[in-house]
Each structure stands twice: as C-alpha cells, then as structure tokens.
Amino acid sequence: MSLATSTIAQLRQRLTAGEITPRDIVQDVAKAIEARNSELGAYLSFDTEAALNEADAADKSLPLGGIPIGIKDNMNVTGQPCTCASKILAENYTAPYDAGAIQKLRQGGALPFGRLNMDEFAMGSTTENSALGVTRNPRDTSRVPGGSSGGSAAAVAGDIAIAALGSDTGGSIRQPAALCGCVGLKPTYGRVSRFGLVAFASSLDQIGPITKTVEDAALLLNHLCGKDGRDSTSLDVEVPDFTTGIGKDIKGLRVGLPKEYFIEGTHAGVSAAVDAAIKKLESLGAIIEQISLPHTELGVATYYVLAPAEASANLARFDGVRYGHRSSSAGDLMEHYVKSRSEGFGPEVKRRILLGTYMLSSGYYDAYYLRAQKARTLIRNDFTEAFSKVDVIVSPTSPAPAHKLGELKDNPLAAYLEDVFTIPVNLAGLPGISVPCGDIEVDGVKLPVGLQIIGKPLDEVTVLRAAHAYEQAR
Amino acid sequence: MPAADIDIQKVAKLSRLSLTTEEAAHYEKQLNGVLAYIDTLTAHDLGDVEPTAHAMPVFDVLRVDEERPGFTQEKCLSNAPKRVGDQFQIPKVIE
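Here, residues in each chain are numbered from 1, in the same order as that chain's written sequence. In the order they appear in the text, chains get letters beginning with A and ligands get numbers beginning with 1. Only residues with pLDDT of 70 or above have their local features reported here, since the model is predicted, and side-chain atom pairs are shown and tallied only from 80 upward, although totals for entire chains, interfaces and linings are computed over all residues. With hydrogens and water set aside, each side-chain value is computed from the structure's full complement of heavy atoms.

Undergrad: Even after reading the chapter, I still don't get the packing of aromatic side chains, so can you show me in this structure?
TA: For any two aromatic rings, the description comes down to two numbers: the centre-to-centre distance and the angle of the planes. All names here are of chain A. Put simply, two rings from Phe, Tyr or Trp (the six-membered ring, in Trp's case) pair if the centres are within 6.5 Å, and we call them stacked under 30 degrees between planes, edge-to-face over 60, tilted for the rest. Applying the stated criterion across every chain, the model contains 17 aromatic pairs over all chains. Between Y358 and Y364, the ring centres sit 4.6 Å apart and the planes meet at 40°, which makes this aromatic pair tilted. You can call Y358 buried: its relative accessible area is 2%. A 1.4 Å probe rolled over the protein chains alone gives each residue an accessible area, and that area as a share of the maximum for its type sets the label: buried under 20%, exposed over 50%, partly exposed in between. Among the residues examined, Y364 registers a relative accessible area of 22% and is labelled partly exposed. For the ring pair F383 and F387, a centre distance of 6.5 Å and an interplane angle of 25° mean the geometry is stacked.

The following block contains the structure:
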C-alpha cells in the first residue's frame, strides 16, 4: 500500500524501525500526486526532485524527521512559489525566505513539499475563488472541498498528502476539513507566527494543521508554535507538548452546547450527526450542559467588516513595483498601480478590497470598523462567560455538507453565511478543531460532517484530548 | 449607521482598481446587499462597549538596536517585475 495513505504517527514508527526511509515516503507521495492530482486539483505545484534531496538529508532522529508536509500556497518557503492562488503572484514570484511556521517545521525535521490550492488570498469557503484551478472534493468530485484551505483538506483526505498546513481567518482550516472528512485545527491566535504568511486579516489569521487523525494534529502542532520576534502578535507563552491529552479519557469534562449554534437552517443530516456525536461524548463520561452565546448573530456581520477592512489595507502592498504582476501597458504611475492591481486580482478579492476601502473611508470608520470592534468585544465576552462554566464548547463545523461546484458562485452573502459557526472562534481568538463525525447520504454519495470543538485560550491540549477521545470511540 | 449606499467608482479609485461600467453595476448591487446585512449591527446598543482590536493582548515589541543579518540587496530585488541595475523601476513621476 502507498505510504501516502499513512499517518504521521505510523510513518514515524516505521522510520524509527528502519523499515522505510524519508525518500520512500516522498516517492510514494509524489506518485500519489501524479496519479490523482489531475482529478482533485489539490496541488498547484510540487517539486519532487528538491523534496527527494531534502529527504536524503533529513535527520530521522527529529520528531518529524523526513515527513513531507503539504503547504497552502500562501506561506513563504525559500525557493518555492507562493501564489496565493492569484494571478498577481503567479507569474514571477519565488519566495526568498521561510515563514516562521516553516522554520519551526524544519526544526522538527519535516519537509515542506508541494503547494496547495486555496481561494485567492484565502478569501472564500469553496476554493472556487482560486484564479489558478479547480479543486474537487475527494468524496464526490462534483462538489467543492470547502475553503479557503481546500487544496490542503482535499490532499489530506484524498491521500495525496500525509498532512498539510492551512490558514484560518474565519474557518478556512476547520470548514474544508469538515467537508472533506479530515481533521483541521486552528490554534489560539498568537500561538503560531504569522511571519511569512501572506496577510489577509491580520487580527484573525492563524496557521494550523490539517491531518488524517487527531494525534497527527497534535504531533504537527508541536512543531509550529512559539514566539517569533518578527510577528508582534505571536505570544510569548510556554508551548506545551500537545500530545499530552491524547489517549486520556474525558470523564467529567464539561461540554457546552450553545443554543445559538443549534438552529434552523442547519442541514438535517448535519444536525443528526452532531447530535449523535454529543451522545457519544456523554457516553464517554462528559457532562453536557446547555449554554448561551447571545451575540452569535452579530458574528458574520462583524467579521465582514473587520476582515475586508484589514484585507484592503494588507493588499495595498500589491503595487506592481517590488514583486507581483506589473501591467505592461501603463503610462503614468497611477495608471501603473490601477492596471497592475486590476489585471492581477480576481473578482472576490476586488469585492473585499472595495468593501474594506469603503468602510475605512472618511466618515464611515466609526459606523463600521469601530462598531464591529465593539461587537467583537461582546462576542469575546460571551465566550469568557461560557468558559467559566464549561471546559469545551461543541457545535457543527459547517451548517451544510459540501455544495456542488458552482452552487454558491457569485452569491457572496449566501457564501458568507456558511461561516456562521466558525467565525466567532476567530473573532475571540480561541482554539478550535473540526473532527469527522459521520457521513450523510446526499444524492447517493456519503458526504462527511465535521464536529467543531472549541477551547479556552491556549487550551489546545484539552481540545485535542476531547477530539481524540471522540475519534477513537466513534 | 449610514444607509447602505456605496459610490462604487469613488471607492474603486481609492482602492486603485478600475471597473468597467458592467463591473461597477454588478459590484454595487452585491456590496449594497452585503452592507444591508452588516446593518444588523445597528440593532444592538454598542455605545459604551470597549472596542477589541485583537483577541489577545498586543504589546509594542522592541529589540536591541544593533546590526543583524537581513535581506541582501540582490534578494530584495529578486522578484522585481522591472529593475534597472540595483533599483526597482517605476514609471516616470517627474516631468
């Protein structure tokens, strides 16, 4: 059987036993990509020869020694492309440095291998906003993989990657993991350095693992975190061993069910799968409690002020001067800016830049940005209050299983509302995981459903413990 | 909260983007829809609430002011779409 179907934990064991080499793993993953990527479109590019060279030099004594990890195409890895799935970076950008998270990965011995498709600049929840290609859900290739880290989730669930990194601004790790049927973890804001992650919304973005198992998520997270002087928001806090909760029971764990997350409009199959998961948690000894997060309804509106506003400022750097697309037909400097940007950015990115620029323009700041920051306080306070009573909060990850390709296209508001359960977690900066909780049959195909488990700030260990206990019992 | 009514060409100019007439009409309609939804924030009394910029506390970070390795000039210029010698080239700005 191809090693590409293995987990990190399995590969580590076999590497240590001397049964396989890092070269074997990279070769098998490369073969799997060549066999299935034309169907899934998960990878935008991959350099097997470079990865084989790195594999031969890998230090197998390190915890992730010789394990190839797929990288979402918005993180800088020296010598590799970093397109953000945008035409503006596709032509002529080669990363001249490693992102902070990539440096940590390398210190753990892992090899960044392959660039994974995404919604352009991580703006979207279907990966259909990629300007560079379509990614399909491995369960049903007529459906989207979710997004924005859709390439990462499709590659992991489709067994053409061992594990991958994604980034999550409003659900972009957890939602595609749920829709493809794998595990996705968004760490606490500030756990992982954002240095070298192309910024979308700086106060919300966070890098995290997308893996086949909960244990792998913990193993990978162990080599992503830590203070980085080049990201002022990265936290100077102790980094625990995230595997310490793996295998421990959840007797007495207090699990909160926010009534605002169990609402009409959620697909009946999703509700049933999540209800069954809650019963399973209860049977494992967890104490289930009803809670309230009263300002949940403000989440999506708050997010769609803050994220586009921050994006419009962050994307101002694409000016066609230092890197990225430069229009060949511009006369003066202003025309150079306008043409380079208009030719380079796709429709959703333009939509969000326009929205953000409008909301930050003179006379509107108090009405939108300041107001949204105030609403953000209320949402955050809801969680603080809830976590005085419970240890974790559970909900569906997404209100619906994977849509058909094209179903949400050009209906931005409908697409934005898909993020209702994941957005508040980013606004409050909390850790959250999506773990598979069963399948539902739609049009004769079994589509995966994700269970979201949200934790207290910096308490990834408990989130992983609960997710692992559930995963093993399911 | 102002009524959702976006002057799309003005905003496009501020954004350094150009829109065709069709694109402008299309975006204006879509963004007015999104803005109308965002107006749900007005239904809540947010007057005395402290704004949150970051979920976790953020502090100014200072480092010792001493020389350290950084990008070389060549590395900085390595992705320049147009360069002349050791400089980025831009369209003429002075007549």
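Undergrad: How do you make sense of the side chain of A:T296 when you look at a structure like this?
TA: Tracing the sequence through the fold places A:T296 in the loop between β8 (287-291) and α10 (299-314). Beyond its immediate chain neighbours, meaning those up to four positions away, A:T296 contacts A:E260, A:Y261 and A:D382. For the purposes of this entry, the term helix denotes a DSSP run of H or I that reaches at least four residues, the term strand denotes a run of E that reaches at least two, and both are numbered from the N terminus. Throughout, a contact is declared for two residues whenever any of their heavy atoms are within 4.5 Å.

Undergrad: Help me understand the interface of chain A and chain B, please; the structure alone is not making it clear to me.
TA: The extent of an interface is frequently quoted as the accessible surface area lost upon association of the parts. Taken together, the 70 residues of chain A in the interface contact 54 residues of chain B. The term buried area means the drop in 1.4 Å probe accessible area that two parts suffer when joined, counted for both and summed. Contact between chain A and chain B buries roughly 5,400 Å² in total, counting both sides, with carbon and sulfur atoms accounting for 68%. Among the residues of chain A in contact with chain B, A:R326, A:L354 and A:R371 are the three that bury the most area, contributing 13% of the side total. As used in this structure description, the phrase polar contact means that two N or O atoms lie within 3.5 Å; if the pair is within protein, one of them must be able to donate a hydrogen and the other to accept it, and residues adjacent in sequence are counted only when both atoms belong to side chains. Taken together, the links from chain A to chain B amount to 19 residue pairs in polar contact (both at pLDDT 80 or more). The biggest single contributor to the side of chain A that touches chain B is helix α13 (residues 366-386) of chain A, with twelve residues. Residue polarity follows a fixed list, in which Ala, Val, Leu, Ile, Met, Phe, Trp, Tyr, Cys and Pro are nonpolar, Asp, Glu, Lys and Arg are charged, and the others, Gly among them, are polar. Counted by class, the side of chain A that touches chain B contains 38 nonpolar, 19 polar and 13 charged residues.

Undergrad: Just checking my understanding: could you explain the nonpolar core for this structure?
TA: Generally speaking, a soluble globular protein has its nonpolar side chains buried in company with each other. Residues and elements named next belong to chain A. Formed by 91 residues in total, the largest nonpolar core has its most connected members in I69, L105, L165, I453 and L464. Other than its neighbours up to four places away in sequence, I69 contacts I8, L105, A110, L111, P112, F113, A163, A164, L165 and L220. The criterion is simple. A nonpolar core is a set of buried Ala, Val, Leu, Ile, Met, Phe, Trp, Tyr and Cys residues joined through side-chain atoms within 4.5 Å. By size, the runner-up hydrophobic cluster in this structure holds 73 residues, among which are I88, A311, L354 and Y368.

Undergrad: Explain the confidence of the model for chain B to me, please; I cannot follow it from the model alone.
TA: Detail in the predicted coordinates should be disregarded across regions flagged by low pLDDT. On average, chain B scores 89 in pLDDT, and the residues at 70 or more come to 96%. At the level of chain-chain contacts, confidence expressed as ipTM amounts to 0.93, with global pTM at 0.97. Within a predicted model, pLDDT stands for the predictor's per-residue confidence, ranging from 0 to 100.

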